[in-house]
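What follows is the residue order along each chain.
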Amino acid sequence: MISTSQRNAQLQTAVQEPSTPLFNPRLLRFKHVVIALLLSVVFFLLFCFIALHAYIAWVLTNPTVAPLYSNPMQAKSMPYEEVSFPAKDGSRMVQGWYIPADQSRKTIIFSHGYGANREESWIPMYDLAHYAHSLNFNVVMFDYGFASQNSKAVATGGKAESQQLLGAIQLAKQRGSSEIIVWGFSMGAGTALQAGLQTKDVDAMILDSTFLLEPDTLYHNIHNQINLPRHPSLEILELLFPVLNGTSLHQIPYQEVKKENYPFPIMFVHGTQDEKAPYPIAEKLAANQTNPLSSVWIVKNGIHELIFREHPREYLRRVSTFLSSVQELEDKKTIADATNKRLRSKFFEELYSILRLEEACLWTLNPCRSWASFSFSMGIHCFT
């Protein structure tokens, strides 16, 4: 048996040796600090990632555009008019220049690219405007909303810009043009294709370095500047664009454009070294066209929007051939329309003569019936 002295000694030892706690408070506090720091770092990196995309989206929707430095008279001694016209949807007023040709009913409308204005000096646009004017075309040069000198708007990838281009087409019609050709560059070419889905007033297009805003080309251009993952970058940008410019990528009809067989001839010009709009885009668009006058010119080592500058003679030779073909087609249509109108008029004149003869023969036999015939013949005569 355990003596009283031994039992007391055991109790004293138990009191002197306290039990070890299950959780160390210091270790638990350290773990909480580490988790909080890690979460802070994760949320900070996530914030920076989203903020970077927001900055990219803001820059894309608000391009820096240089002011106008000249005008058609100073640059090429071409008399011009300052014009202001509404976009087709009435969303804004558009400013531009109208360069009239001598008694001409044909007009070329220049559709400038993203980040530029109507001068687009690196093309150079004045040289092409002077060339078009020398062919007796009226010329329209105007600024899209994102390049406006007075009331700048955000860029929308062609959604709003196509309405502004349609307004320029209406201006040309109001000035008496019966033949309208759109000559577009980069996003101005893509905008022209979007406008072409909405109008029957275009007779032909010349599209240089066509840029069509869609997820593939958007990521391609971003990746050229900064190495971001395709996903979720595209998804984040698609969420940000409607907030910054009121336009979703899904509102841009790039799918319809890529499938459309346009009723008018189109001349595509593109370079193999185009880093902003890879040339297979032009090849695919051209492959959809069945108009016999449509064509595609892929320039080896050609750079975005610099093909005219690098190959001026070949460029203008091909454009001249295309415009001549379009002009011949328009002349044939004019002759055919005049012939049809003349034949239709002759038909109704002969029908009117027959009815008049019938009315004369029936007048003595049945006055009531002959009066009805006379009334009908007069209606035919008025119709003609």
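Residues numbered from 1 in each chain as written. Predicted model: local features only at pLDDT ≥ 70, side-chain atom pairs only at ≥ 80, totals over all residues. Heavy atoms only, no water.

## Examining empty space enclosed by the protein
Here is step 1 of the chain: Under the definition given, this model contains one cavity of 30 Å³ or more.
Here is step 2 of the chain: Estimates place the volume of the largest cavity at around 30 Å³.
Here is step 3 of the chain: Around the largest cavity, the lining residues are Arg-92, Met-93, Val-94, Gln-95, Asp-143, Tyr-144, Gly-145, Ser-148 and Gln-164.
Here is step 4 of the chain: Per-element tally for the lining of the largest cavity: the top contributor is strand β2 (residues 93-99), with three residues.
Here is step 5 of the chain: Among the residues making up the lining of the largest cavity, the classes are represented as three nonpolar, four polar and two charged. (1 Å grid on protein atoms, 1.4 Å probe; cavity = no way out; pocket = protein on both sides within 12 Å on 5 of 7 lines; lining within 4 Å. Points joined across faces, edges and corners; volume = space filled by probe spheres on them. Helix = DSSP H or I, 4+ residues; strand = E, 2+ residues; numbered from the N terminus. Nonpolar A, V, L, I, M, F, W, Y, C, P; charged D, E, K, R; others polar.)

## Remarks on the nonpolar core
One broad rule of soluble globular proteins: the nonpolar side chains tend to lie buried together.
Here is step 1 of the chain: Grouped together as the largest cluster of nonpolar side chains are 54 residues, with contacts concentrated most on Ile-109, Phe-142 and Met-205.
Here is step 2 of the chain: Here this core gets six residues from one element, more than from any other, and that element is helix α5 (residues 159-174).
Here is step 3 of the chain: Beyond its immediate stretch of four places on either side in the chain, Met-205 contacts Val-182, Ala-192, Leu-193, Gly-196, Phe-264, Pro-265, Ile-266, Met-267 and Phe-322.
Here is step 4 of the chain: Formed by 31 residues, the second largest nonpolar core is a distinct cluster that contains Ile-99, Ile-108, Phe-110 and Tyr-315. (Core = buried A, V, L, I, M, F, W, Y, C linked by side-chain atoms within 4.5 Å. Buried < 20%, exposed > 50% of the residue type's maximum accessible area, 1.4 Å probe, protein only. Contact = heavy atoms within 4.5 Å.)

## Some details on the layout of surface pockets
Here is step 1 of the chain: Quantified by volume, the largest pocket comes out at close to 970 Å³.
Here is step 2 of the chain: Grouping the amino acids of the lining of the largest pocket by side-chain chemistry returns 19 nonpolar, 14 polar and four charged.
Here is step 3 of the chain: Space inside the second largest pocket adds up to approximately 160 Å³.
Here is step 4 of the chain: Breaking the lining of the second largest pocket down by element, the ones donating at least two residues are α7 (215-225) and α10 (280-287).
Here is step 5 of the chain: The element that contributes the greatest number of residues to the lining of the second largest pocket is α10, accounting for four residues.
Here is step 6 of the chain: Across the lining of the second largest pocket, the residue classes tally to four nonpolar, two polar and four charged.

## A short note on the sheet that holds strand β8 (residues 295-299)
Here is step 1 of the chain: Across the sheet, which stays open at both edges, the eight strands sit in the order β1-β2-β4-β3-β5-β6-β7-β8 with mixed pairing between neighbours. Every interior strand has two partners, whereas the edge strands, β1 (81-86) and β8, have only one. Taking the axes of each pair of neighbouring strands and ignoring which way they run, one obtains an average angle of 20° across the sheet.
Here is step 2 of the chain: Here five bridges tie strand β5 (residues 179-185) to strand β6 (residues 204-208), and the two strands are oriented parallel to one another. Bridging from a neighbouring strand, Phe-185 pairs with Asp-208 of β6.
Here is step 3 of the chain: Relative to the sheet, helix α6 (residues 187-196) contacts β3 (106-111), β5, β6 and β7 (266-271), its axis offset from that of β6 by approximately 150°. (Pairing = 2+ DSSP bridges. Axes fitted to C-alpha atoms, helices over the stretch in contact; angles between N-to-C directions.)

## Quick notes on the environment of Trp-58
Here is step 1 of the chain: Mapped onto the elements of the fold, Trp-58 is located in helix α2 (residues 25-61).
Here is step 2 of the chain: For Trp-58, a relative accessible area of 47% translates into the label partly exposed.
Here is step 3 of the chain: Between the alpha carbons of Trp-58 and Leu-244 there is a distance of 6.6 Å; along the sequence they are 186 residues apart.

## Looking at the packing of aromatic side chains
Here is step 1 of the chain: Summed over the entire model, instances satisfying the criterion amount to 13 aromatic pairs.
Here is step 2 of the chain: Where Trp-183 meets Tyr-315, the ring centres are 6.5 Å apart and the plane angle is 10°; that geometry is what we call stacked. In this pair, Trp-183 is assigned in strand β5 and Tyr-315 in helix α12 (residues 312-363), connecting sequence segments 132 residues apart. Each member of the pair Trp-183 and Tyr-315 is classed as buried.
Here is step 3 of the chain: In this arrangement the basic side chain of Arg-118 is found over the ring face of Trp-97, its NZ or CZ atom lying 4.4 Å from the centre.
Here is step 4 of the chain: Over the face of the ring belonging to Tyr-98 we find Arg-175, whose NZ or CZ atom lies 4.5 Å from the ring centre. (Phe/Tyr/Trp six-rings, centres within 6.5 Å; stacked < 30°, edge-to-face > 60°. Lys NZ or Arg CZ within 6 Å of the ring centre and 35° of its normal.)

## Quick look at the packing of α5 against α6
Here is step 1 of the chain: With their axes 8 Å apart at the nearest point, α5 and α6 run at an angle of 75° to one another. Considering their axes alone, α5 and α6 lie roughly perpendicular with respect to each other. Contacts from Lys-159, Glu-161, Ser-162, Leu-165 and Leu-166 in α5 reach Met-187, Thr-191, Ala-192, Gln-194 and Ala-195 in α6.
Here is step 2 of the chain: Of the residues that constitute the contact of α5 with α6, the class distribution is five nonpolar, three polar and two charged. (Parallel < 35°, antiparallel > 145°, perpendicular 65-115°, else oblique.)

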